[in-house]
Amino acid sequence: HRAVPWRARAHRAVPWRARAHRAVPWRARAHACVNPAMAPTPGEDVLLGWLLPQPAGVAVPEVLAAPATGDDAGRAVLRQRTVARALQGDSAPPLFVTLDGMTRGLVGTFRCQEGLNLFQGLCQLEGQKDGRDFLSLGSDVELGGGEIVLLRQELFTTFLCRLWARKEAYEAARTLLAESNGCPFNTSGSPIRLGTAEEVATHYLELLLGRGKKDACPQAEKVLQGCARDLQLEQHKYYCSVLEGRAKIQSDTSVLSVLTSLDGSSADVPRDFQEDLALVVATKALALVQALGLDLL
């Protein structure tokens, strides 16, 4: 799995290897369904099943229609079939579904820890719609929870790029945290532990905006904003390519201007992209703290 980014595993024609889930009986599935419209909890996983178009001239077995909005029964059928393929591989019946007017077949599944918010943010940014570009199917306890989504190959590839950008931004900042993943700006005497990528990203975005645990980290806002002022969006190619032109953002706009104008609101740009920019800024700021110490900043 080393070539697959950020603790996510791709599976083709092999059973989904999830040790914690095999002890859950099949009958528990009926009680594990989650309403697809339910808002995600922070850090929720997503299991993606990517679809490829049916090859021309090739006959396929049963083709299921994409469920309409509110068709919970139709989504339950697709969820069960997707779970069977994820757990049993080729021994389970193949899954074909009509999506966006085209018959598509399930190729494999890919689980991303803490990936649901990233996926939903990408769909918001790119105008991807449930029922047209992907199908949100709810969750299943046999797969350890998390949303199950069927999606077009093109969207799946785009999401991998998004996932890699978050991984890169998080890993760069994580290596500069204090002992036991503590925040180096913290002078309160009480530890601030930062574990997941979302926790680190949220912490530094809120500090940069003058909120969050600013009383425990009194110098953070000044240092973070100074670093953000010196960074232009065009210095970070991925974020420039996806954000330029949105909410009047230009390539030569400073990251500070981008973040303060958006102010954490997801109305124009999903919050997870703002958090990534905050991670980029935090990496610069934490490197300064490590090199100079808080007393000299």
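Residues numbered from 1 in each chain as written. Predicted model: local features only at pLDDT ≥ 70, side-chain atom pairs only at ≥ 80, totals over all residues. Heavy atoms only, no water.

Asks: Please explain helix H8 (residues 271-292) as it appears in this structure.
Replies: Side chains that are three or four residues apart share a direction in an α-helix, a result of its 3.6 residues per turn. Taking 1.5 Å of rise per residue, the 22 residues of H8 would be expected to cover 32 Å, and the 31 Å separating its terminal C-alpha atoms lies within 8% of that figure. Of the residues trailing H8, Gly293 is marked for its positive phi of about 85°. (Helix = DSSP H or I, 4+ residues; strand = E, 2+ residues; numbered from the N terminus. Expected span 1.5 Å × (residues − 1).)

Asks: Would you mind going over the pattern of salt bridges with me for this structure?
Replies: Pairing between side chains becomes possible if they bear opposite charge and their charged atoms approach one another. Taken as a whole, this structure holds 17 salt bridges when the rule is applied. For the salt bridge of Arg211 with Glu206, the shortest nitrogen-to-oxygen distance reads 3.1 Å. On the accessibility criterion, Arg211 (28% relative accessible area) is partly exposed. In this structure Glu206 comes out as buried when scored by relative accessible area, which is 15%. (Salt bridge = Lys/Arg side-chain N within 4 Å of Asp/Glu carboxyl O. Buried < 20%, exposed > 50% of the residue type's maximum accessible area, 1.4 Å probe, protein only.)

Asks: How should the environment of Leu48 be read in this particular structure?
Replies: Mapping Leu48 onto the fold places it in strand E2 (residues 46-53). Owing to a relative accessible area of 0%, Leu48 belongs among the buried residues under this scheme. Each residue touching Leu48, except ones within four places of it in the same chain, is listed here: Gly108, Thr109, Phe110, Phe119, Val149, Leu151, Phe156 and Phe159. (Contact = heavy atoms within 4.5 Å.)

Asks: Mind showing me how you'd approach the packing of aromatic side chains here?
Replies: Here a ring pair, both rings aromatic, is described through the centre-centre distance and the interplanar angle of the planes. This model, assessed by the stated rule, comprises 6 aromatic pairs. Aromatic rings pair up to connect Trp50, Phe110 and Phe156 into one cluster. Directly above the ring of Phe273 sits Arg162, whose terminal nitrogen or CZ lies 4.2 Å from the centroid. (Phe/Tyr/Trp six-rings, centres within 6.5 Å; stacked < 30°, edge-to-face > 60°. Lys NZ or Arg CZ within 6 Å of the ring centre and 35° of its normal.)

Asks: Is there a simple way to explain the nonpolar core in this structure?
Replies: In summary, soluble globular proteins display a tendency toward joint burial of nonpolar side chains. Ranked by size, the top nonpolar core spans 67 residues in total, and within it Phe119, Leu151, Phe185, Tyr204, Leu224, Tyr239 and Leu243 carry the most contacts. In terms of residues, this core owes the most to one element, H8, which gives 10 residues. Not counting residues within four places of it along the chain, the set of residues in contact with Leu243 comprises Leu125, Leu233, Ile249, Val269, Phe273 and Leu277. Counting residues in hydrophobic clusters, the runner-up holds 15 residues, among them Leu51, Leu78, Leu135 and Leu143. (Core = buried A, V, L, I, M, F, W, Y, C linked by side-chain atoms within 4.5 Å.)

Asks: Explanation requested: a nonpolar patch on the surface in the structure shown.
Replies: A cluster of nonpolar residues, Leu288, Leu292 and Leu296, forms a patch on the protein surface that exposes about 280 Å² of accessible area. As for its placement among the helices and strands, Leu292 is situated in helix H8. By relative accessible area, Leu292 is classed as partly exposed at 42%. (Patch = residues over 30% accessible without salt bridge, like charges linked within 9 Å, V, L, I, M, F, W, Y side chains within 5 Å. Areas by Shrake-Rupley, 256 points an atom, 1.4 Å probe, with all protein chains shown as cover.)

Asks: Honestly, the environment of Phe185 in this entry has me stumped. Any pointers?
Replies: Relative to the helices and strands, Phe185 is located in the loop between helix H3 (153-174) and helix H4 (197-208). On the basis of relative accessibility, which here comes to 1%, the residue Phe185 falls in the buried class. Sequence spacing of Phe185 and Val289 is 104 residues, and the spatial spacing of their C-alpha atoms is 7.9 Å. Dropping the residues within four chain positions of it, Phe185 is found in contact with Tyr204, Ala216, Cys217, Pro218, Gln219, Ala220, Val223, Leu224, Ala285, Leu286, Val289 and Leu294.

Asks: Explain the packing of helix H5 (residues 220-230) against H8 here, please?
Replies: Think of two packed helices as two axes; the pair is described by the angle between the axes and how far apart they sit. Between H5 and H8, whose axes approach to 9 Å, the crossing angle comes to 120°. The pairing of H5 with H8 is recorded here as oblique in orientation. For the pair H5 and H8, the sense of crossing is right-handed. Across the interface between the two elements, Val223, Leu224, Cys227 and Ala228 of H5 pack against Val281, Ala282, Lys284, Ala285 and Leu288 of H8. (Axes fitted to C-alpha atoms, helices over the stretch in contact; angles between N-to-C directions. Parallel < 35°, antiparallel > 145°, perpendicular 65-115°, else oblique. Left-handed = near helix turned anticlockwise from the far one by under 90°.)

Note that every value here comes from positions in space, so none of it alone points to a role or purpose.
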